[in-house]
Amino acid sequence: MVIARVAQTAHSRAVSLLRTIHLHSASCPCHGNPMHPHHFAKTAAAVSRFMGTPGSDITRQKEYAFQMAASNIRFGPGSTREVGMDFANMGAKKVMVLTDQIISQLHPMKVAIEALEREGIQHEIYDKVRVEPKDYSVKDAIEFGKKTTEIDAFLAVGGGSVMDTAKIVNLYTTFPDADFLDFVNAPLGKGLPITKPLKPLICIPTTAGTGSETTGTAIFDLVSEKAKTGIAHPALKPTLGICDPLNTKTAPSAVHASSGLDVLCHSLESYTAIPYYERTPRPSNPILRPAYQGANPISDVFSLKALQLTVKYLPRAVRDPEDAEAQSQMLLAATLAGVGFGNAGVHLCHGISYGISGANKEYKHKGYEIEHPLIPHGVSVAVTAPAVFRFTSASNPQRHLDAAQAFGVDISSARTEDAGQLLSEALKEFLFHLGDQPKGIKDLGYGRSDIDGLVEATLPQRRVLALAPNFQEEIQAQKEVLSGILEDSLEY
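(A) Expanded view of the overall build of the protein chain. Counting its secondary structure elements, the protein chain contains 17 helices and eight strands. Expressed as a percentage of the 492 residues in the protein chain, the buried residues total 58%. Just so you have it, the protein chain exposes about 20,400 Å², and 53% of that area is on carbon and sulfur atoms.

Listed below in structure tokens is the structure:
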């Protein structure tokens, strides 16, 4: 049990208290918690009044409903052996299998291909998926898919990069005449809705991290903009995710660590995102309701449990890749977090990370066997987490205290104005003891002179920034907040 006490100056205590009071004038558990049932009653009443008031500006109308969606999930050691029967049951005759050049040589791929062959399923293998995909690597996979005839289903065997690439290939082979930016998230792309069903896609994750087997989201680097972006729509969700704990045994400790940090931030960000009923605009048609909708009572259950499992089992999984219980529990945590953030969304850690990883020139993370520079996604996300949650805490101190408690912090006598600092210090300690993690963005090769560029790379991430608590709509205010977070993340 960690007992944390934070020393603050009188000035910083006063500023923090005023900030909390300004945003939350009531401090009782009912009125001070935006997700308390009391507020849902008020929301229902507000929606009732709105429904009787025609002519309102729809761009300013707040959401009144949330919608949960996730892939079918099968969880269990050895379940990869069933994938051939799954495709046969779907009536699939020929499958495009996507993987990367490392996984293609490992046990998970061998088991999956044997399962296809047992059922007489024809297959074509694409093994050139890039770790942390670039737009050009995704386009190469799309072209392979378009040239391969009679493909009626897809199989992804690998980490988040493989699963995300498979989703995009499925999309653009279903819409072969679409421009590449048609479905890419605005403002970098057109963000068009997906208007017809895609082909069946089964995902077999080999890392415990992205939760991509559960979500309708796919991420890649848009090289011309030096930023990550992606495509998000419920239609992208895999038909089935097969979560086989035996498949994560081959990952090295560095991959376990980075993947687990992605789980950590998925759970924290989705749990602290704005409530769904504060999101604008309310969709004029259900098909326009985004995949990322804001925190809701169902996603909360998945996100908080995922956080608790990650704090408990990630250090063990990194220390000992042969720890079967830890590996299995982290794969479960990744899947739970995928359901949570796949519906509630993520916010600042992920929004800022896209610029950090996209602008990388030389940094190669220890433990990754690759030739090109790479800041693993989980590393780029977690490096700003201490500063991010110190900033967001004023929006809902109790949620941040709940999160700090998951790390073992004694919050029995904690004050609400200390919530952000308590969680921030708990995160720093967790990252330090995990080992081989950057102690700020300086360790990734960035300095103060790079902050403005990183801010500009973050601003286009409107899909996730819109879910950030305590974040203003005015661009200059956003720049100041992002600059402050990055300044605080230089080193710690």
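(B) The side chain of T214, seen in detail. Mapped onto the fold, T214 is located in the loop between β5 (201-205) and β6 (217-222). For T214, the side chain forms a polar contact with the main-chain oxygen of G211, separated by 2.8 Å. Within polar-contact distance, the side chain of T214 engages the backbone oxygen of G338 at 3.4 Å. Once residues lying within four places of it in the same chain are set aside, the contact partners of T214 are A70, S71, I73, K237, T335, G338 and V339.

(C) Representation of the sheet that holds strand β8 (residues 240-243) within the structure. The six strands are arranged β1-β8-β5-β4-β2-β3 in an open sheet whose pairing can be described as parallel. Unpaired on one side and paired on the other, β1 (72-75) and β3 (122-126) mark the two borders of the sheet. Sheet twist, expressed as the average angle between the axes of neighbouring strands with direction ignored, equals 20°. The pairing of strand β4 (residues 153-158) with β5 spans five bridges and is classified as parallel. Residue pairing for β5: L155 is matched across the bridge by I202. The sheet contacts of helix α5 (residues 135-147) involve β2 (94-98) and β3, and relative to β3 the element is tilted by about 155°. This element, helix α6 (residues 160-174), spans β2, β4 and β5 of the sheet and lies at about 165° to β4.

(D) Focus on the confidence of the model for the protein chain. Summarising the model, the protein chain shows a mean pLDDT of 89, and 88% of its residues fall at 70 or more. Counting interchain partners and residues more than four positions distant, the pLDDT-below-50 stretch residues 1-55 has 73 contacts.

(E) Highlighting helix α10 (residues 348-358). Of all eleven residues in α10, eleven are buried, a share of seventy percent or more. Taken together, the buried positions of α10 are L348, C349, H350, G351, I352, S353, Y354, G355, I356, S357 and G358.

(F) Examining unusual backbone geometry more closely. Residue P187 is reached from A186 by a cis peptide bond, and omega for that bond is 5°. Relative to the assigned elements, P187 resides in the loop between α6 and β5. At the junction of T280 and P281, the peptide bond is cis and its omega measures out at -5° in the coordinates. With respect to the helices, strands and loops of the structure, P281 is situated in the loop between α7 (253-272) and α8 (297-319). Positive phi, normally seen in glycine, also occurs at D436, with a value near 60°. Its relative accessible area of 54% is what places D436 among the exposed residues. Positive phi, close to 65°, is recorded for N470, a residue that is not glycine. Here N470 lies in the loop between α16 (462-465) and α17 (475-488).

Rules of the game
Positions within a chain are numbered from 1, following the residues in the order the chain's sequence is written. For this predicted model, a pLDDT threshold of at least 70 governs which residues receive local features, and a threshold of 80 or more governs which side-chain atom pairs are given and counted, while totals over whole chains, interfaces and linings are taken from all residues. To obtain the side-chain values, all non-hydrogen atoms of the structure were included, while hydrogens and water were left out. Strands are runs of DSSP state E lasting at least 2 residues, helices are runs of H or I lasting at least 4, and numbering of each runs from the N terminus. With a 1.4 Å probe rolled over the protein chains alone, any residue whose accessible area is under 20% of its type maximum counts as buried; one over 50% counts as exposed, and the rest are partly exposed. Note on areas: Shrake-Rupley, 1.4 Å probe, and residue coverage restricted to the protein chains presented here. Distance and chemistry together define a polar contact, namely a pair of N or O atoms within 3.5 Å, with one atom able to donate a hydrogen and the other to accept it when in protein, and with adjacent residues in sequence counting only for side-chain atoms on both sides. Contacts are assigned to residue pairs with any non-hydrogen atoms lying within 4.5 Å of each other. DSSP bridges decide pairing: two strands pair if at least two such bridges lie between them. Axes here refer to lines fitted to C-alpha atoms; in helices the fit is confined to the stretch in contact. Angles between the N-to-C directions go from 0 to 180 degrees. Each residue carries a pLDDT score, the predictor's confidence in it, ranging from 0 to 100.

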